[in-house]
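Here's the letter readout for the chains.
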Amino acid sequence: MLAKLKKKIQEMLISEAERAHKLRLTPNMLSAAGIVLAFLSALLYAICQNRSLHLLLATVLLLASGFCDALDGVLARIYQQETSFGAFLDSLLDRYADAVIYVSMIIGRLCDVLLGLIALTGSLLVSYSRARAEAAGIKMESIGIAERAERMIILAAASIMTIFWFQALDVGMILIAILSNLTVLQRGFYVYTKLKQKKNS
């Protein structure tokens, strides 16, 4: 089921990337749009204090930011616009986007401070583990159960649920904290296995 869903999303992104290319949009433009949308979403989270309209708009902007982040990579790949600096910039902006979203939820008192910080730490370590692994020549795409897309979906779902149940984002943060740190462990074991295979080959 998840494999089929992922395939449909990838097909949709390719179609959207073709439209973006016709509009002369570049991956860096989409990365920039993504970070702007993330900061706008964060602003609404920080000031919303559980106001339904603000929460809804913040969630829409969060998902739009995630869409831009996914689309820039697809656009770069299918039109051979991948560059080392582009990949670096995209990863850097993603970390800023993650940090500002979690911090804004804490500032807006939408979740427990400690839970928010643990979830943020786990999220950043997922990305760091990938960066370190790929620096060692080990590809990490799709390794782990809570990559950025999954974490954003959890945040978006919890945000919508917060309109009806104020503790929903606490639950979302607990889920992200567990899954992100589990993902770090998965990636650590994967890297250990791959490095051991290289050593023995």
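Summary of the structure given here. (Residues numbered from 1 in each chain as written. Predicted model: local features only at pLDDT ≥ 70, side-chain atom pairs only at ≥ 80, totals over all residues. Heavy atoms only, no water.)

Now for the pattern of salt bridges. Counted according to the given criterion, the structure contains eight salt bridges. Here Arg148 ties to Asp98 by a salt bridge, and the two come within 2.9 Å at their closest N and O atoms. With Arg148 in helix H6 (residues 148-162) and Asp98 in helix H4 (residues 84-107), this residue pair connects regions lying 50 residues apart in the sequence. Across this residue pair, the class does not change: Arg148 and Asp98 are buried. A single network of salt bridges, built from pairs that share partners, joins Asp69, Asp94, Arg95, Asp98, Arg148 and Arg151. (Salt bridge = Lys/Arg side-chain N within 4 Å of Asp/Glu carboxyl O. Helix = DSSP H or I, 4+ residues; strand = E, 2+ residues; numbered from the N terminus. Buried < 20%, exposed > 50% of the residue type's maximum accessible area, 1.4 Å probe, protein only.)

This part covers the packing of aromatic side chains. Throughout the structure, instances matching the rule amount to one aromatic pair. Look at Phe85 and Phe88: their rings are 6.2 Å apart centre to centre, the planes differ by 40°, and that puts the pair in the tilted class. In this pair, Phe85 and Phe88 are both assigned in helix H4, three residues apart and thus about one turn of the helix distant. (Phe/Tyr/Trp six-rings, centres within 6.5 Å; stacked < 30°, edge-to-face > 60°.)

This model, assessed by the stated rule, comprises zero disulfides. Counting only cysteine sulfurs, Cys111 is the nearest neighbor of Cys48, a cysteine outside any disulfide, at a range of 11 Å. (Disulfide = S-S within 2.5 Å.)

Looking at the secondary structure, you find Ser31 in helix H2 (residues 27-48). The exposure class assigned to Ser31 is buried, which follows from its relative accessible area of 7%. Apart from the residues lying within four places of it in its own chain, the contact partners of Ser31 are Asp72, Asp90 and Leu93. (Contact = heavy atoms within 4.5 Å.)

On the surface, a nonpolar cluster with roughly 690 Å² of combined accessible area is contributed by Leu56, Val60, Ile160, Met161, Phe164, Trp165 and Val171. Secondary structure elements with two or more residues in the nonpolar patch: helix H3 (52-78) and H6. Among the secondary structure elements, Leu56 is positioned in helix H3. Assessed through its relative accessible area of 41%, Leu56 is described here as partly exposed. (Patch = residues over 30% accessible without salt bridge, like charges linked within 9 Å, V, L, I, M, F, W, Y side chains within 5 Å. Areas by Shrake-Rupley, 256 points an atom, 1.4 Å probe, with all protein chains shown as cover.)

Residue position: Leu120 is located in helix H5 (residues 113-135). The buried category is assigned to Leu120, whose relative accessible area is 10%. Sequence separation between Leu120 and Ala64 is 56 residues, and the spatial gap between their C-alpha atoms is 20 Å. Setting aside residues no more than four positions away along its own chain, Leu120 makes contact with Asp98, Ala99, Tyr102 and Val103.

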